[in-house]
Amino acid sequence: MPGAAGVGYSHSAYQWRPDMDPEAGMLRIVMGLGTKAVDRTKEDYPRLSNLDSPEATIYATTEQKHKFSQRNIDVLDCQSNGQAELSVSQLLPLLPSWYKKMVMEHDMDAERNLRQRGIYRDVWFVSCQKLLEQKEFTGLMQKILKTLERVYGNPVDIEYTVNMDESGEFVVNLLQCRPLYLGQKGEKVDLSNLSVKEVFFDIEDSSMGASGYRKVDVVVQIDPVLYYEYPYGKKYDVATAIGVINRYYRGKGKNLLLMTPGRIGTSSPELGVPVTFGDISNFSIVCEVSDNRAGYMPELSYGSHMFQDLVEAEIVYGAIWNDKRTLQYQPELLSSCPDKYQKICPDFPELVGMIQVREADDLYFALDAVTNRGICFR
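(A) Inspection of the overall build of the chain at higher detail. Along the backbone of the chain there are 12 helices and 18 strands. Its C-alpha atoms give the chain a radius of gyration of 22 Å, near enough to 21 Å, the size a compact globule of 378 residues would have. Projected onto its principal axes, the C-alpha coordinates of the chain cover approximately 65 × 50 × 40 Å. For the chain, the residues scored as buried account for 53% of the 378 residues in total. In the chain, of all internal contacts separated by at least 6 residues, the share reaching a separation of at least 24 is 72%.

(B) Structural view of the sheet that holds strand β14 (residues 285-289). The strand order across the open sheet formed by 9 strands is β11-β15-β14-β13-β12-β17-β18-β10-β16, and the pairing between neighbours is mixed. In this open sheet, the two strands that pair with only one neighbour each are β11 (207-208) and β16 (326-329). Where strand β13 (residues 256-261) lies against β14, 5 bridges are found, and the strand directions are parallel. Each residue of the ladder has a partner; that of T260, found in β14, is E288. Its contacts with the sheet put helix α9 (residues 235-248) on β12 (212-222), β13 and β17 (355-368), and the angle it makes with β17 is roughly 75°.

(C) Representation of helix α7 (residues 135-152) within the structure. With 18 residues, α7 ought to run about 26 Å at 1.5 Å a step, and its terminal C-alpha atoms sit 25 Å apart, in line with that. Within α7, burial applies to F137, T138, M141, L145, L148 and E149. Projected onto a plane normal to the axis of α7, the buried residues spread over an arc of 105° and lie on a single side. Among the exposed residues of α7, those oriented more than 90 degrees off its buried face are K135, E136, K143, R150 and V151. Backbone geometry just after α7 places G153 at a positive phi near 70°.

(D) Quick look at the environment of G374. On the secondary structure map, G374 appears in strand β18 (residues 373-377). In this structure the C-alpha to C-alpha distance between G374 and Q356, which are 18 residues apart in sequence, comes to 22 Å. Apart from residues no more than four positions distant in its own chain, G374 is found in contact with F201, D202, I203, S207, F365, A366 and L367.

(E) How the structure looks around the pattern of salt bridges. Within the structure shown, the criterion is met by 14 salt bridges. Note that R378 and D362 form a salt bridge whose closest N and O atoms lie 3.3 Å from each other. Linking R378 in the segment after β18 with D362 in strand β17, this pair joins segments that are 16 residues apart in sequence. Looking at D362, the relative accessible area reads 34%, which means it is partly exposed. The structure contains a network of salt bridges with shared partners spanning E23, K146 and E149.

(F) Region of the structure containing the sheet that holds strand β3 (residues 47-50). Here 5 strands make up an open sheet; going across it, the order is β3-β2-β1-β8-β9 and the pairing antiparallel. Of all strands in the sheet, those with a lone pairing partner are β3 and β9 (170-179), marking the two edges. Each neighbouring strand pair of the sheet contributes to a mean axis angle of 20°, computed without reference to strand direction. The pairing of strand β1 (residues 4-9) with strand β8 (residues 156-164) spans 6 bridges and is classified as antiparallel. Note that in β8 the partner of Y9 across the bridge is D157. Lying over the sheet, α7 contacts β1, β2 (26-30), β8 and β9, oriented at roughly 30° with respect to β9.

(G) View of the pairing of β1. Of all 6 residues in β1, 6 are buried, a share of seventy percent or more. Note: β1 against β2, 5 bridges, orientation antiparallel. Across the sheet, the residue bridging to A5 is V30, located in β2.

(H) Unusual backbone geometry, seen in detail. With phi around 60°, N81 is a residue other than glycine that occupies positive phi space. Its location among the elements puts N81 in the loop between β4 (72-77) and β5 (82-87).

(I) Structural context of the environment of R250. Along the chain, R250 falls in the loop between α9 and β13. The class for R250 is partly exposed, based on a relative accessible area of 47%. Here the alpha-carbon distance between R250 and D21, two residues 229 residues apart in the chain, equals 37 Å.

(J) View of the packing of aromatic side chains. Within this structure, the stated rule accounts for 8 aromatic pairs. Taken together, a centroid distance of 5.2 Å and an interplanar angle of 75° make the contact between Y45 and F68 edge-to-face. Within this pair, whereas Y45 is found in the loop between α1 (35-38) and β3, its partner F68 is found in the loop between α2 (62-67) and β4, the two being separated by 23 residues in sequence. Their ring planes at 50° and their centres at 5.6 Å tell us that F200 and F201 sit as a pair that is tilted. With relative accessibility at 0%, the residue F200 sits in the buried group. If you follow K252 out to its NZ or CZ, it ends over the ring of Y248, 3.5 Å from the centre. Across the ring face of W321, the terminal group of R325 is positioned such that the distance to the ring centre comes to 3.9 Å.

Reading the values: rules and limits
Residues numbered from 1 in each chain as written. Predicted model: local features only at pLDDT ≥ 70, side-chain atom pairs only at ≥ 80, totals over all residues. Heavy atoms only, no water. Helix = DSSP H or I, 4+ residues; strand = E, 2+ residues; numbered from the N terminus. Rg over C-alpha atoms; globule rule 2.2 N^0.38 Å. Buried < 20%, exposed > 50% of the residue type's maximum accessible area, 1.4 Å probe, protein only. Contact = heavy atoms within 4.5 Å. Pairing = 2+ DSSP bridges. Axes fitted to C-alpha atoms, helices over the stretch in contact; angles between N-to-C directions. Expected span 1.5 Å × (residues − 1). Arc of directions from axis to C-beta. Salt bridge = Lys/Arg side-chain N within 4 Å of Asp/Glu carboxyl O. Phe/Tyr/Trp six-rings, centres within 6.5 Å; stacked < 30°, edge-to-face > 60°. Lys NZ or Arg CZ within 6 Å of the ring centre and 35° of its normal.

Purely geometric numbers; function is a separate question.
Rendered as structure tokens:
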């Protein structure tokens, strides 16, 4: 396997901190084969690195860094002559210490808690932190991205691998390069001038898309707890029903907003609704919703195929977090509007209540991409 791999962007459409420069570029990096960087699978969270501050992370604590890290590594199995997936714990005994220190970190808090129980064991998690702290590496990646952007005359995205040795030397292999579609350029929107009666949600540092106002005609909400409690084998029915709703409104000139628990488009139904892009292609806004009761967490999979489909279709993305980034969220705001789900999806009566389809006459969404603040309001 390569030491690390992933995708790179000469322009970042997603800023998780207000001081980040989108023109600096971004890396999405994983340990092992880069397939984990482009597919939303299982419980793996690739590392995002904005190249103006590559060592910075979105998470504040070691516990968060460990929880939202890569758990499984894609490798080539030379005996079976095929690709395989191994857990970090399976790989650890095979890895030299210098390599582990380059792409992994100790969870000191977890190790301390184990020692208090008389258990002495190293606890590692993937972060690629030391590699991203190497200015030679991140500087080269930024130079590669900006050189290609200049020659292409357009922002680009690349796929790459990195191999390193004990001395700190490294080799980057450029595997692929293509033009990056960013959508329309947005201007600053003055959110203070909005005539707001009631707020559906108000979020900061959690959106992706061009600045502007748009009317919201239809809101599709998926109840996180009911989805969590639904039998695992039937969760794909929820994705199918969303596809039915998507096709029902096709060509009707309606702006649709999808409020979905966890990670949209994941192949693991326990982490979110496993829709394909075809199931949500007519939505104008997609908002991933975290829920502590069911353990769902959003994850903007920058670099995934689903993400690029959203960008090219100019679908606005947002995330409802259980922290300071969510200034306000009233999921019950539209409960007085009639639910049209049963009329649209008569073939899935068991999903009544879990999926709600409500049409609104006075709902709007405004996004200021400059400050990265989005408000959905009446």
